[in-house]
Structure formats: C-alpha cells, structure tokens
Amino acid sequence: MNHPGVPELKAAWAAVGVARPHESAQLHVLGQATYTDDIPELQGTLHAALGLSQKPHAKIVAIDLAAVRKSAGVVAAYVARDIPGSNDCGPIIHDDPILADGLVQYVGQPIFIVVADSHDNARRAARLGNVTYEELPAIMTPQAAKAAQSYVLPPMHLKRGDYQAAFERAPHVVKGELYVGGQEQFYLEGQISYAIPKEDKGMLVLCSTQHPSEMQHIVAHTLGVHAHNVTVECRRMGGGFGGKESQSGLWAACAAIAAAALKRPVKLRADRDDDMLVTGKRHCFFYEYAVGYDADGKILAAKVDMVSRAGFSADLSGPVATRAVCHFDNTYYLSDVDIRAACGKTNTQSNTAFRGFGGPQGAIAIEYIIDDIARNLGRDALDIRRLNFYGRNDAEGRNVTPYGQKVVDNVIVELSAELEASSEYRARRAAVDAFNATSPVLKKGLALTPLKFGIAFNVTHLNQAGALVHVYVDGSVLVNHGGTEMGQGINTKVLQVVAHELGLDFEHVRATATDTSKVANTSATAASTGADLNGKAAQDAARQIRERLSAYAVELYGGDVADVAFFDNAVHVNEHVLPFTELVQKAYLARVQLWSDGFYATPHLHWNPTTMNGHPFSYYAYGAAVSEVVVDTLTGEWKLLRADALYDAGQSLNPAIDLGQVEGAFIQGMGWLTTEQLWWNAGGKLMTHAPSTYKIPGVSDCPEDFRVRLFKNRNVEDSIHRSKAVGEPPLLLPFSVFFAIRDAVSSVAGHRVNPPLNAPATSEEILKTIAAVESAIEGMA
C-alpha cells in the first residue's frame, strides 16, 4: 500500500512487489557468506563429539570411558551426571534427555560428550566408549506402536456431524490403508554450535538454528543460569527445513556444557552420518480410512485413523499431528467426519518439524481417497476434486472446516481452472490414454492436485514477533528482527518492507544476525510465518521512525503530517523535497529519536486443543499442480516429463524469491514421495544415514519442462502488503507427481483396480504395486 502522495510506480525504491536477488546472493556465489563453521576460531578452541548408543532400547548397565580419555588429543569427557543443570532439551514436554541417563531409547542416542584438541580426534575418541547394555524390547513402526497402544501423547479426535449415520446411508463406500514414509531434512550445513564462555557465568552460543530463543532457554536450563546469562546468535543457516527448529538444542547444550566446564570455547560440528543418526525426521504416517460417497463422487462421510512414528519422545509431534488433523480436508468440504490422530512412541529418532509440519501428511490422505473414488466411478479425478471443493459463502453452507474456521477467501476454483487451461490438461489426458493404449511396457500418468494450507502457528502465543530499526546519521538503516535466515530470503523481504516504509533504495538498508540480546522472546522461524510476522514488526518500527521524521519535517517546513511522503530517497513536505539523509541529520541535531522497536501479534487467532475447534489460521494459501510421468513397468523406473504449478502468493513481496521457493518445495516434496526412503535394520539402526544410501532428488530428477507461475491474487487478511506465505504450502504441489505415478500404474489394468501404492514410490514399490494390480486383475478374470 503506497503512502499518500506516493505515485503508483515500480521504481527500485518501491521495494515491495519487486523481483530482486537474495540479499546475500553475491556472498553465496563468491563463498564469502559466513556460516557458523566459517567464523574464525578463538585461541584455545576445543572440539566436541558425541558417543552414541548402539542399541534401540536398553538399560545402561555401565559406561567405561577410560579408552576415550586416553585417546590422542582428548581433554575431557562428560556423561549425564556432569550436567550442572537440567538434563533436558524437550521443546514442549520434558521427556528428551540431552545425554541418556540409565536408559537408551534409539540407536544413535547421545550418551557422552568427548572434547579434544581437534574435530577428528574428538570423533575418533567418541567411538572408543565401552557401554554395557541390558536390552529391552523395541517398537520400530507406527503400526507396532498402535498395536501396543504405545504413544508419546494422548490420541486426538476431531468429529463433525454424524459420521456413522452418514456412512451407513452412503450408496458407495471405499476403505483402505496407506503408508507414507518420513523424510530427512538434509540441510547442506549440518548441525553445529560454537559455545564461548563469557564473564560472570555468561555464555555466547553461535548456533545454526531456526529458534535462537529456544536455544537460549535450553542452554540456560542446562547450565543452571538465568536466560540473561546466555546469548544465542545466528547470522544464517545453510538450510533448516524444520530440522533446526527444536533439535539444534541438543548440539547447543552439549557445546555449552563442555565450554562451561572447561572455561574454553568449544565447537560441536556433526558430520553427516552422526547428524542423520541422532536427529529426527519428517514423521511417517500410517492411515486407515473409510469413506462414503454418492454416485457422482460427492463425499458424504469420511473417517481416517492416522498414527505417526513420533520416535522416543514427544518433541513437536503433538503440533504436527494437530496440523495433520486440520489439513485432512485440504480443499474439500467434508460434512460428516471422524478424524483421529495418534503419535506412536517408537525406539527411533524423535521426529520433529519438517517443511509442511504435518500438513502434507494430513492432506495426502484425502487426495488418496479421492483418487480411489474417481477410479471406482470411472471418472477423471479432477472432476471428483472439483465436485467436492469448498464453497464460497455462508449461503452454500460449504465454507466451514471440520474444526470450525470459515474459508473466506476460497480461490481454488478459479486457480485450478486457470491451471487446467494453461496446462492443457484435458488434451494431455487424451494423449496419455492414447499412448498407453499402444504401449505395453512404458505407461504414462497424469494428475492435477490442489492445495489449501493454513498459515499461522497452531499454538496461538507463538504468533508474535519483534524488530529493531536503526537510522544512522548518514541516512543508512540497520534492521534486526527475530526471524532467522536459512536461505529462504526472509532478510531480503524484511529489508524490502523497511526500504519501502522509509522510501529508500534497497541498498540503503542492511540486516544483522538474529541475536537474543537484541530482540527477545522470539518465535521459531517456522510455520511459514517468518516474513509475515517479522515483516510486520519491522514495518511497525520503521513506521514509528517515519512518523517522527514527518512531524519534525512539518515543524521545519509547515504543512500537514498526513501529507508528508517518503519516496525516491527523499522526503516530500509542503512542496519541499528534502534528501532523506539531510532530514535525518537535521533530526539528529534536534534530538529526534532515530531508532525504534516494532512488534506484531497476529489478530483473531484462537484454538481449543480439547475440542479441536477454533480459528487457528490467519488465512489460507492455495495452489495446484499438474504432473506428467512415464513409468517403465519392467523395472519400476520413472521420469517426470513435465510439471505445471500455479501458486497463490497473494501480492508477492518478491516474485523472484517466491518462484524459487515454489520450485524448491516442489522438488523437495517430490523427493519425499518418490526417492527418499528411510530404512532401519533388524537391530534398530538407521541404515540410510549418508548421501550414499539416502537419495534426495538431483538435477536429473527435475523435469526438463517445468512451468511455475504465481496466481494473481490479493490477501483478504491484512498481511504484510497483502502477501501470502510461500515456505511450506508449495510442498503439497508434488502430490501430483505421486498420483501421476499411481495413474500410470493403474493403466496396467485399464484403470479397473486401485493400485495399493505407498510412499515413497521407489522403483521397488512401483514394481510391487504393479504386481499387486496384475494379480487383482487375474483374480477378477
């Protein structure tokens, strides 16, 4: 929104809505961007490594670290009893020890810390620990957890209407099961913390984390000191994806324990294998569903029972399950529903946040169900999806979610129609059918899938942010806010907001590292809220400075404060044009405050976790994608031939960054659903713990024809410049890849059988599903 008197321009100073490079892009390319491990080490710095459990579930009978302490370069080793404060890094429930104390609950759980003169010496020594175990029974899968009623939290249940009666009246029903695997965050920069002791029990922790304030709390509790003794700083991360929201806490705490004990700086940098063995992943889910529908494909009753692999502790599994429950509906109105979710306690890594945070796991279930219904009726799945879309107004009675929130800005009908036309979906569907009719081995598949994603933390009090804006006497501006930069461009967007507010070129504004001593009590940069919350907070701070400068300008030149305009690096007041720098210098001499703090709290949010009802989201983002694949039915290999994606970013703050986020989310989500397979052996050890055994998508997996566009829209909510979040929602777009593969497999049997395809749809899974489809057809003959 322009200020009064500001012309409708797309000049460079009108920073918002302009496609511009990431603020650190040049530094990234030149290798000059400083990550935690690049910070020059202080004299006397030591290096730590963790000794890990070799058993999935066992009592610790004895720990012998004699060989560890004698190893080359070792300075010290610590176990749970050496922790001065609380041995806990659980973000919500205190069930997650920093170091195992008497009991190990997964292979890879840290038992001791070793500190040495070098990173390599610490790693070598950590492997020399001699731990005696008394093994206990282990639970490894969500199905086994459900059978044993083993949960980290009480199960959740959301009901609306009378599911049982509606199901019994339905003329058609579909029942089934689905398993969707987890996913490793695979950030390029691994977990790392560098703890530096300061005077009077102080501790500075330089940490690769999405949540500096939580790191501050964990370190303070671990050391038994107040929060004001601990400062946590993060300039940037080499990726986070949720894996550094809560689980950077263990690494920060271990580094701080050693640094406090030795009074020397200690760096703890995880190598990739240890990182993947220790840290949690995206939750895998097991689903059982029963749905009733009519002859047209309209859903009349829907029931789903979801159980996730939470791991050994609660971590963020509760909020993840809550979001899964709240996203089961996706873009569809469900009148009578029975949605259950449980967090299975398993002897595996404690699973945690991952881009989408349960939303993708909830939404994929209803998409699978609709895919089943369409095939049962011999209809195109897009037609069944359109029939079940949410309505537009109260009169239709189809615009309220199962949890009671009205869908007031439903653009999915227009958005999906636009994508259907631009992707030539109908013509391509006919072409795919024609190809399959004459191709016995290679089979093509096509799918269009939509998304609706709620934006906000589903814990209401986390929806707040603060920022500081400093204007210096030379007219330059420094911004600090509570969000963390992990490559997603939050700093770029916040700087654009501040530059716009003060009418300056982008180059006049700079961001500094996120720091708990500057903006306190911050929320994690997560839930796709980073730019929304921190952009609003920074705008608030900049607005206060602008208002002070406006009042001072009127003192000097007369006129009305409301008519003062800031643009083109100048201040326009009562027919005078004053360079911004000149006014700032005059204001300083007149003792006008040139810095300000800003704050923002998202309004209108409320949630009752007991009834699972409320208004948990500020607004919804929408999108849709079409994917076309070809599958080799003899090998299970497949290739994505073309992908078209259309995403609703509202009035985008930066279209270049937003398009990049959509593209990245699409490929990352495609990896989750197709190639990224987590596998534990019979001894409970995660065997896919390195790039050699865990396959994320590469360049060759990206489609040669990749068409991504932003949908023209304007947020109905008063978000920052009416933009919409773009971090997590696009990860649902590659559902279209999974269902295109399922479509191709279905063609093997002339679309007469619902393929029991689970995710990830690896080549092995595809071959297994083809065999099941062929067997089913033989049984029908």
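For the structure, see preceding data.
Residues numbered from 1 in each chain as written. Predicted model: local features only at pLDDT ≥ 70, side-chain atom pairs only at ≥ 80, totals over all residues. Heavy atoms only, no water.

(A) Layout of the overall build of the protein. On a plain count of helices and strands, the protein comes out with 19 helices and 29 strands. Taken against the 2.2 N^0.38 rule, which gives 28 Å for 781 residues, the C-alpha radius of gyration of the protein at 27 Å falls within 12% of a compact globule. Overall, the protein is about 90 × 75 × 45 Å in size when its C-alpha atoms are taken along their principal axes. Put simply, the protein has 781 residues, and 62% of those count as buried. A separation of at least 24 residues holds for 80% of the contacts in the protein among residues at least 6 apart in sequence. (Helix = DSSP H or I, 4+ residues; strand = E, 2+ residues; numbered from the N terminus. Rg over C-alpha atoms; globule rule 2.2 N^0.38 Å. Buried < 20%, exposed > 50% of the residue type's maximum accessible area, 1.4 Å probe, protein only. Contact = heavy atoms within 4.5 Å.)

(B) Expanded view of the pairing of strand S10 (residues 202-207). Taking burial as the measure, the six residues of S10 include six buried ones, the bulk of the element. Because side chains alternate across S10, one face comprises the buried residues Gly202, Leu204 and Leu206, and the other comprises Met203, Val205 and Cys207, equally buried. Pairing between strand S9 (residues 192-198) and S10: six bridges, direction antiparallel. When the bridges of S10 are listed, Ser193 appears paired with Cys207. By the bridge criterion, four bridges tie S10 to strand S11 (residues 230-234) in an arrangement that is parallel. Paired with Met203 across the two strands is Val230, which belongs to S11. (Pairing = 2+ DSSP bridges.)

(C) Molecular detail of the sheet that holds strand S1 (residues 46-52). The strand order across the open sheet built from eight strands is S3-S5-S1-S12-S9-S10-S11-S20, with neighbouring strands paired in mixed fashion. Strands with a single pairing partner mark the edges of an open sheet, and in this sheet they are strand S3 (74-78) and strand S20 (514-515). As paired elements, S3 and strand S5 (residues 110-116) share four bridges and run antiparallel to each other. Bridge pairing links Tyr78 to Ile113 in S5. Running over the sheet, helix H6 (residues 212-223) touches S10, S11 and S20 and is turned about 145° from S11. (Axes fitted to C-alpha atoms, helices over the stretch in contact; angles between N-to-C directions.)

(D) Structural view of the pattern of salt bridges. Going through the model one piece at a time under the given rule, you end up with 42 salt bridges. Counted as one network, the salt bridges with shared partners bring together Asp380, Asp383, Arg386, Glu420, Arg426, Arg429 and Asp743. (Salt bridge = Lys/Arg side-chain N within 4 Å of Asp/Glu carboxyl O.)

(E) Up close: the side chain of Asp274. Counting through the fold element by element, Asp274 comes out in helix H8 (residues 272-278). The buried category is assigned to Asp274, whose relative accessible area is 11%. Residues within four places of Asp274 in sequence aside, it is in contact with Leu52 and Arg127.

(F) Quick peek at the packing of aromatic side chains. One pass over the full model with this rule turns up 15 aromatic pairs. Ring centres of Tyr368 and Phe738 lie 6.4 Å apart, and the angle between their planes is 35°; this geometry places the pair in the tilted category. Residue Tyr368 is found in helix H10 (residues 359-377), and its partner Phe738 is found in helix H18 (residues 735-746); the two are separated by 370 residues along the sequence. With respect to burial, Tyr368 and Phe738 carry one shared label: buried. (Phe/Tyr/Trp six-rings, centres within 6.5 Å; stacked < 30°, edge-to-face > 60°.)

(G) Representation of empty space enclosed by the protein within the structure. In total, this model carries three cavities of 30 Å³ or more according to the counting rule given. Counted as a void, the largest cavity has a volume near 170 Å³. Lining the largest cavity are 19 residues, with Cys89, Asp96, Gln247, Leu250 and Val278 positioned closest to its centre. For the lining of the largest cavity, the per-class residue count stands at 10 nonpolar, seven polar and two charged. Size it by volume and the second largest cavity reaches roughly 70 Å³. (1 Å grid on protein atoms, 1.4 Å probe; cavity = no way out; pocket = protein on both sides within 12 Å on 5 of 7 lines; lining within 4 Å. Points joined across faces, edges and corners; volume = space filled by probe spheres on them. Nonpolar A, V, L, I, M, F, W, Y, C, P; charged D, E, K, R; others polar.)

(H) Looking closely at the environment of Asp120. Assignment of secondary structure puts Asp120 in helix H3 (residues 119-126). Under the relative-accessibility criterion, Asp120 is labelled partly exposed at 42%. For the pair formed by Asp120 and Tyr588, sequence separation is 468 residues and the distance between their alpha carbons is 53 Å.

(I) Broad picture of the packing of helix H14 (residues 490-502) against helix H15 (residues 530-557). Following both chains from N to C, one finds H14 and H15 inclined at 25°, their axes separated by 9 Å at the closest point. Relative to H15, H14 is oriented roughly parallel. Along this stretch, H14 crosses H15, giving a crossing that reads as right-handed. Across the interface between the two elements, Ile490, Lys493, Val494, Val497, Val498, Glu501 and Leu502 of H14 pack against Gly530, Ala531, Asn534, Gly535, Ala538, Gln539, Ala542, Arg543 and Arg546 of H15. Split by residue class, the contact of H14 with H15 holds eight nonpolar, four polar and four charged. (Parallel < 35°, antiparallel > 145°, perpendicular 65-115°, else oblique. Left-handed = near helix turned anticlockwise from the far one by under 90°.)

(J) Up close: the nonpolar core. Counting residues in hydrophobic clusters, the biggest one holds 109 residues, and the most contacted among them are Tyr287, Met306, Phe328 and Ile741. For Tyr287, the contacting residues outside a window of four places in its chain are Gly176, Glu177, Leu178, Val180, Val304, Asp305, Met306, Gln361, Ile364 and Ala365. With 43 residues, the next largest nonpolar core counts Val477, Ala538, Tyr552 and Val573 among its residues. (Core = buried A, V, L, I, M, F, W, Y, C linked by side-chain atoms within 4.5 Å.)

(K) Representation of the sheet that holds strand S7 (residues 156-160) in the model. Reading across the sheet, the five strands line up as S7-S15-S14-S13-S8 and stay open at both edges, with mixed pairing between neighbours. Two strands lie at the open edges of the sheet, namely S7 and strand S8 (172-180), each paired on one side alone. Recorded for the sheet is a direction-independent mean angle of 10° between the axes of neighbouring strands. Bridge analysis of S7 against strand S15 (residues 337-345) gives five bridges, and the strand direction is antiparallel. In the strand pairing of S15, Lys159 is matched with Asp338. The strands touched by H10 are S8, strand S13 (285-293) and strand S14 (299-311); relative to S13, the strand with the most contacts, the crossing angle is about 45°.

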